[in-house]
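Residues per chain, in single letters:
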Amino acid sequence: KAGVTQTPRYLIKTRGQQVTLSCSPISGHRSVSWYQQTPGQGLQFLFEYFSETQRNKGNFPGRFSGRQFSNSRSEMNVSTLELGDSALYLCASTPLNRGHGYTFGSGTRLTVV
Amino acid sequence: AQKITQTQPGMFVQEKEAVTLDCTYDTSDQSYGLFWYKQPSSGEMIFLIYQGSYDEQNATEGRYSLNFQKARKSANLVISASQLGDSAMYFCAMREGRLGSQGNLIFGKGTKLSVKP
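Summary of the structure given here. Nothing here was measured: the structure is a model prediction, and the numbers come from that model.

How each quantity is defined
Residues numbered from 1 in each chain as written. Chains lettered and ligands numbered in written order. Predicted model: local features only at pLDDT ≥ 70, side-chain atom pairs only at ≥ 80, totals over all residues. Heavy atoms only, no water. Contact = heavy atoms within 4.5 Å. Buried area = accessible area lost by both parts, 1.4 Å probe. Salt bridge = Lys/Arg side-chain N within 4 Å of Asp/Glu carboxyl O. Polar contact = N/O pair within 3.5 Å; in protein donor to acceptor, adjacent residues only side chain to side chain. Phe/Tyr/Trp six-rings, centres within 6.5 Å; stacked < 30°, edge-to-face > 60°. Buried < 20%, exposed > 50% of the residue type's maximum accessible area, 1.4 Å probe, protein only. Core = buried A, V, L, I, M, F, W, Y, C linked by side-chain atoms within 4.5 Å. Helix = DSSP H or I, 4+ residues; strand = E, 2+ residues; numbered from the N terminus.

**Examining the interface of chain B and chain A**
One frequent convention defines the size of an interface as the accessible area lost when the parts assemble.
Okay, step 1: Across the contact, 21 residues belong to chain B and 23 residues belong to chain A.
Okay, step 2: Approximately 1,900 Å² of surface area, both sides summed, lies buried where chain B meets chain A, with 53% of it carried by carbon and sulfur atoms.
Okay, step 3: At the boundary of chain B and chain A, one finds zero salt bridges.
Okay, step 4: There are five residue pairs in polar contact (both at pLDDT 80 or more) connecting chain B and chain A.

If you want it as structure tokens, here you go:
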């Protein structure tokens, strides 16, 4: 079965612009979570969606937002980009059964210039 | 607050030898899950092994085993017979609560493992 698909893989944006990243979870999985990875802060949780509802949110400013559609695909948006938003953004599909790991996509590498 | 600590920023191991990557965690929850992930330079996060807080036996998956010491709040990853392809970053992570509840993972800072030929 298909894994987690994130698009685009790479993105270069200018400060002040906004960006939208997409994540399609494993078929049948209803929960998606997003993480930001930077060399300085490591992997940090952004938010989690389950059945189109945000179930949990990390400690990020309001410029970071997300949503989930009825087909479980999720998007995250970052407005008014800052240089510090340059990072690898990873999306994970939550397992249905205990003992299974969260499956991550390949990530979107965002560079803000 | 929940926390994951990986005290080894980098480690070297000789090919075919075993290596242990340390992980300690802090949580006040009784129900939690512990995970290890491998991240090669390509950036993808590869799930290696899972241990539930109520699992009495240590988890094993092929060459990977998890040395779970609940009282000491440690969940060390043991890789047996290291291979050159094992060179990567390794992250320990924890999910508090039952599967199906708020499901975010808390990650450690990671350990960079280098396997020498």
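Having put the structure on the table, let's press on.
**What about the packing of aromatic side chains?**
Residue and element names in this part refer to chain B.
Okay, step 1: With the rule as written, the count across this model stands at 15 aromatic pairs over all chains.
Okay, step 2: Where Y25 meets Y32, the ring centres are 5.2 Å apart and the plane angle is 55°; that geometry is what we call tilted. Across the pair, Y32 and Y25 agree in class, each one buried.
Okay, step 3: Judged by centre distance (6.3 Å) and plane angle (90°), the ring pair of F91 and F107 falls under edge-to-face.

**A word on the nonpolar core**
Okay, step 1: Judged by nonpolar contacts, the single largest core of 25 residues is most densely connected at L21, Y25, W36, I49, L77, Y90 and L113 of chain B.
Okay, step 2: Those elements that provide at least two residues to this core are β2 (10-14), β3 (19-21), β5 (32-39), β6 (46-52), β8 (64-69), β9 (74-79), β10 (88-96) and β12 (111-116) of chain B.
Okay, step 3: Element by element, the count of residues in this core is highest for β10 of chain B, at four residues.
Okay, step 4: Not counting the four nearest positions on each side in its chain, I49 of chain B is found in contact with L34, F35, W36, A59, T60, E61, Y64, S65, L66 and L77 of chain B.
Okay, step 5: In this structure, V19, I26, M76 and Y89 of chain A belong to the second largest nonpolar core, which totals 21 residues.

**Concerning the pattern of salt bridges**
If charged atoms from side chains of opposite charge come close, those side chains can pair.
Okay, step 1: Under the defined criterion, the tally for this structure stands at seven salt bridges over all chains.
Okay, step 2: A salt bridge links E75 of chain A to R67 of chain A; its shortest N-O distance comes to 3.3 Å.
Okay, step 3: On the basis of relative accessibility, which here comes to 16%, the residue E75 of chain A falls in the buried class.
Okay, step 4: Residue D26 of chain B pairs with K73 of chain B through a salt bridge whose shortest N-O separation is 3.6 Å. Placement of the pair is D26 of chain B in strand β4 (residues 24-26) and K73 of chain B in the loop between β8 and β9, with a sequence separation of 47 residues.
Okay, step 5: For K73 of chain B, a relative accessible area of 29% gives the class partly exposed.

**Here's the deal with unusual backbone geometry**
Residue and element names in this part refer to chain A.
Okay, step 1: The step from T7 to P8 runs through a cis peptide bond, and the omega angle for that step is -10°.
Okay, step 2: Located in the positive-phi region is S51, a residue other than glycine, with phi close to 45°.
Okay, step 3: Position of S51 among the secondary structure elements: in the loop between β5 (42-50) and β6 (53-57).
Okay, step 4: Even without being glycine, E52 reaches a positive phi, approximately 75°.
Okay, step 5: Looking at the secondary structure, you find E52 in the loop between β5 and β6.

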